[in-house]
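Tertiary structure, described
These are the residues of each chain, in order.
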Amino acid sequence: MRRIACLLTVLIMLLVSCSTETGKDVVLLDTGWKFSTGDDMTWGNPSFNDSGWDNINPMETWEKQGHKKYDGFAWYRIRQVIPRSMIKTAFLKDSIIFRLGKIDDCDQVFLNGALIGENGTTMAMNSLPSADFNKIWGKWDLNRNYVLSVNDPRIQWDKENVIAVRVFDFSGPGGMFSQPFEIAMPGLKDYVRFDLTSSPYDFEGENILKKNIVIKNISGKNEFKGNLVIRAVEQEGGIGLYTEKTGIDLTPGLIIDKQISFKTSFDKAVNLFICFTEATTGKQICDTVDVPRILTPKPPKGPRITGAKVFGVRPWSPFQFKVTATGEGRLKYTALDLPAGLKINEDDGVITGVLKKKGEFIVKLKVENHLGFCERDLKIVVGDVISLTPPLGWNSWNCWGLSVSDEKIRQSADAMKSSGLSDHGWTYINIDDGWEYMHDKDGNILTNSKFPNMRALCDYVHSLGLKIGIYSSPGRKTCGGYEGSLGFEEKDVQHYAAWGIDYLKYDWCSYSEVAPDPTPEQLKYPYQVMRRALRNVNRDIHYSLCQYGMGDVWKWGASVDGNSWRTTGDIEDTWESLSLIGFSQDKCSPYSAPGRWNDPDMLVVGRVGWGPSLHNTRLTPEEQYTHITLWSLLASPLLIGCDLTQLDAFTLSLLTNDEVLAVNQDPLGKQAIQVKKTGEYEIWIRDLEDGSKAVGLFNKTEKAMNIPVEMKALTLDGKCQMRDLWVQKDLGQVCRHFEMKTWPHGARLIRLSK
Ligand code: GLA
């Protein structure tokens, strides 16, 4: 039975991976492109002589082909015969698609001198070129597919056509860089679309999983009849959990939104497959997704104290630390041996006051509910260094981008509380770029109309027991083009302190106008200026350096009193970005210490978007386990980047595992090191305060694999107790060698103790 199920899975996988839609109905545009920087609208004309232009490979950005650091306009041109015979062999004969891959950042495409599309959207025919490009984030990542009717007079069938692409690059890499480059007749995949990712998974009581699947025919003209198969299959053993086979008639424009539900234990790896087979041609289109596994157990009903075990504060600074705990019903918080000057609020666990002298105190925390009580020590260190564990919080950028507002910040703070996240230690609500207006004639920083009253907003966030962060740049402008702090550092910080800000992200960006090719001293300088300003106010403000790792910032971030420093460019919600950043952090490990954290950028789980419209992260569920596991081992600040008002059960489970978060928050503050790296897997190990070790096993391949672990390589010998931190279960004893199963791009996190 098991065997048959396995065979079935293999068969389905084969079906999924076979695309039946290539043939003579495609003309490749991989080679033959000409290129020039600059801008001239006559370059779109077919008669323009481009023979003096450079040749260019559309697979690579222009930076990689002799135009280092070039931002601005540039043109690509190619000549291509489009054979009418394409229509004859095609399955669908009414239109033709110009596929130009992805373009960084914006584009307008001209066919024989006439505009056929821009910015990655399909154009209405005869539309006029826009005067210029708007600054729209994220367009670079769209596949350019420009569709024309086969009767469009702009196409010269069986003759040479000139395709000219006008590109504008705002910053970073520029131009064409990603396949496909082709002219093609449309196939089933251009019209029949599945959406397996937009709707959340509903995990219900008796192990019932519910999920909405959308099947669309986006063609306005073509009808497709055929068979639809939907299957859910358990990865281990290939056991079928759900099968549906139906004949369907996809009439033009039809959208089917159907719910499927099946029984499964929520911690099992399950694949969901969907296939449509068109009846007359047998052409097929398929898709598959991994169903998220929920590993984090529900917290116990009795009280459990979570969050940081050590808290740093400077003498005389206002003290705010919230004791966080889970547990059913009303919780009562008390603290024994609180140093003079501090008090705890019994109802919400917030400790406030002022400590005037340097020193260390051990406070005995107690949390009670109707089922019992729980106790834990909190170490308070009054000294020069703050943020003795990495900040846990949320930041607006990966979610709202520049569309952040006062209202969205309040909603996020509310959701941090109502979702229960704050019970697990999540504390900061950070406003990223987009709040600034200008400095007035007296040098006061003014907020823009989206932030009518910053002081009131900070008070509101504090009233929930949370902390609040803000963003600025040492340059004239921020990365988003808003007002920076150059020349106003002291005054800006005085405003931050008066408002009640607890965290500052200070983003290099337009400081490159001041120091285009910065020396090591120039890299430090603006951060020293801001550091002085921060030390001149009587408030502990976490100082987060953001300059993408320039000059190996991890080696000197502490010398400018940074509490954390970004070690990389901006993260994206893709495996490429996540794995490139995450697995390259070993070089920074020696420099991480309490209050001095390497920051490989914010989290990309949940619904993200960098602007007003959001999408579910493009990371698979297993990649999200890798993300949280690795970032916890790296002792990275954990700043959630998604919309907190739309958290689904899976995302919440990822962010509320107290044993995983305890690794991130471990008071020893040592970042994990990479102990094994092969092309297929990696092993990272982190020393913890109690002498145990947290070990992360990472599968970098597309297949499930057993990762072998030699205890010697972990500098551990002899018997060890092993605990699986995601499921919070002891796994027994290990001695010399063990193996653990990992899913594609997935991770395991264990703790080994003597
Ligand atoms: C840079 C930073 C991002 C974000 C934006 C805001 O790109 O790296 O994290 O702060 O600026 O404009």
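Quick summary incoming for the structure in this document. (Residues numbered from 1 in each chain as written. Predicted model: local features only at pLDDT ≥ 70, side-chain atom pairs only at ≥ 80, totals over all residues. Heavy atoms only, no water.)

The tally for this structure, following the rule as stated, stands at 44 salt bridges. A salt bridge links Asp-561 to Arg-531, with the shortest nitrogen-to-oxygen separation between them at 3.2 Å. With Asp-561 in the loop between α9 (553-556) and β36 (564-566) and Arg-531 in helix α8 (residues 520-535), the pair connects residues that are 30 residues apart, well separated along the chain. A single salt-bridge network, built from bridges that share partners, covers Asp-50, Arg-77, Arg-79 and Glu-160. (Salt bridge = Lys/Arg side-chain N within 4 Å of Asp/Glu carboxyl O. Helix = DSSP H or I, 4+ residues; strand = E, 2+ residues; numbered from the N terminus.)

A separate point is the side chain of Ser-317. Within the secondary structure, Ser-317 is located in the loop between β21 (310-313) and β22 (318-322). Using a relative accessible area of 3% as the deciding quantity, one classes Ser-317 as buried. In contact with Ser-317, not counting residues within four places along its chain, are Gly-353, Val-354, Asn-538, Arg-539 and Asp-540. (Buried < 20%, exposed > 50% of the residue type's maximum accessible area, 1.4 Å probe, protein only. Contact = heavy atoms within 4.5 Å.)

Taken as a whole and assessed by the stated rule, the structure comprises 29 aromatic pairs. Between Trp-43 and Trp-75, the ring centres sit 6.3 Å apart and the planes meet at 80 degrees, which makes this aromatic pair edge-to-face. With Trp-43 in the loop between β2 (33-37) and β3 (54-56) and Trp-75 in strand β4 (residues 72-81), the pair connects residues that are 32 residues apart, well separated along the chain. Taking relative accessible area as the criterion, Trp-75 reaches 0% and is therefore assigned buried. Aromatic rings pair up to connect Trp-33, Phe-35, Trp-62, Tyr-70 and Tyr-76 into one cluster. Over the aromatic face of Tyr-201 sits the side chain of Lys-211, whose NZ or CZ is 4.3 Å from the ring centroid. Positioned above the aromatic ring of Phe-583, the side-chain terminus of Lys-700 is 5.8 Å from the ring centre. (Phe/Tyr/Trp six-rings, centres within 6.5 Å; stacked < 30°, edge-to-face > 60°. Lys NZ or Arg CZ within 6 Å of the ring centre and 35° of its normal.)

Another aspect to go through is the state of the cysteines. Taken as a whole, this structure holds two disulfides when the rule is applied. Across the disulfide, Cys-479 is cross-linked to Cys-509 (sulfur-sulfur distance 1.8 Å). Its S-S torsion of approximately 120 degrees makes the covalent link between Cys-479 and Cys-509 right-handed. Here Cys-479, found in the loop between β33 (467-472) and α7 (489-499), pairs with Cys-509, found in the loop between β34 (503-507) and α8; they are 30 residues apart in sequence, far enough to count as distant. Taking relative accessible area as the criterion, Cys-479 reaches 25% and is therefore assigned partly exposed. The class for Cys-509 is partly exposed, based on a relative accessible area of 21%. Sequential numbering of the bridged cysteines in the protein chain gives the disulfide pattern 1-2, 3-4. (Disulfide = S-S within 2.5 Å.)

Below, the discussion takes up the sheet that holds strand β46 (residues 729-734). Taking strand neighbours across the sheet as the criterion, the six strands line up as β41-β42-β43-β48-β45-β46 in an open arrangement whose pairing is antiparallel. Edge strands, defined here as strands with exactly one partner in the open sheet, are β41 (673-677) and β46. Strand-to-strand twist across the sheet, computed as the mean angle between neighbouring axes with direction ignored, equals 25 degrees. Of the pairings in the sheet, the one linking strand β43 (residues 693-699) to strand β48 (residues 747-753) comprises six bridges and is antiparallel in character. Pairing of Ala-694 across the sheet is with Arg-751, part of β48. (Pairing = 2+ DSSP bridges. Axes fitted to C-alpha atoms, helices over the stretch in contact; angles between N-to-C directions.)

Turning our attention to the site of the ligand. Among the 13 residues in the neighbourhood of the ligand, the closest are listed as Asp-432, Asp-433, Lys-505, Asp-507 and Asp-570. Within the contact set of the ligand, an oxygen atom lies 2.8 Å away from a side-chain nitrogen or oxygen of Asp-433. Between the ligand and the protein, one listed contact pairs an oxygen atom with a side-chain N or O atom of Asp-570 at 2.5 Å. The protein chains hide 95% of the 310 Å² of surface that the ligand would expose on its own. (Near = heavy atom within 4 Å. Polar contact = N/O pair within 3.5 Å; in protein donor to acceptor, adjacent residues only side chain to side chain. Areas by Shrake-Rupley, 256 points an atom, 1.4 Å probe, with all protein chains shown as cover.)

Between α7 and α8, the least distance of the axes is 9 Å, while the angle of their chain directions is 40 degrees. Looking at the two axes, α7 sits oblique to α8. Seen from above, α7 lies across α8 with right-handed handedness. Residue-level inspection shows Glu-489, Glu-490 and Val-493 of α7 in contact with α8, the latter providing Val-529, Met-530, Arg-532, Ala-533 and Leu-534. When grouped by side-chain class, the residues that make up the contact of α7 with α8 number five nonpolar, no polar and three charged. (Parallel < 35°, antiparallel > 145°, perpendicular 65-115°, else oblique. Left-handed = near helix turned anticlockwise from the far one by under 90°. Nonpolar A, V, L, I, M, F, W, Y, C, P; charged D, E, K, R; others polar.)

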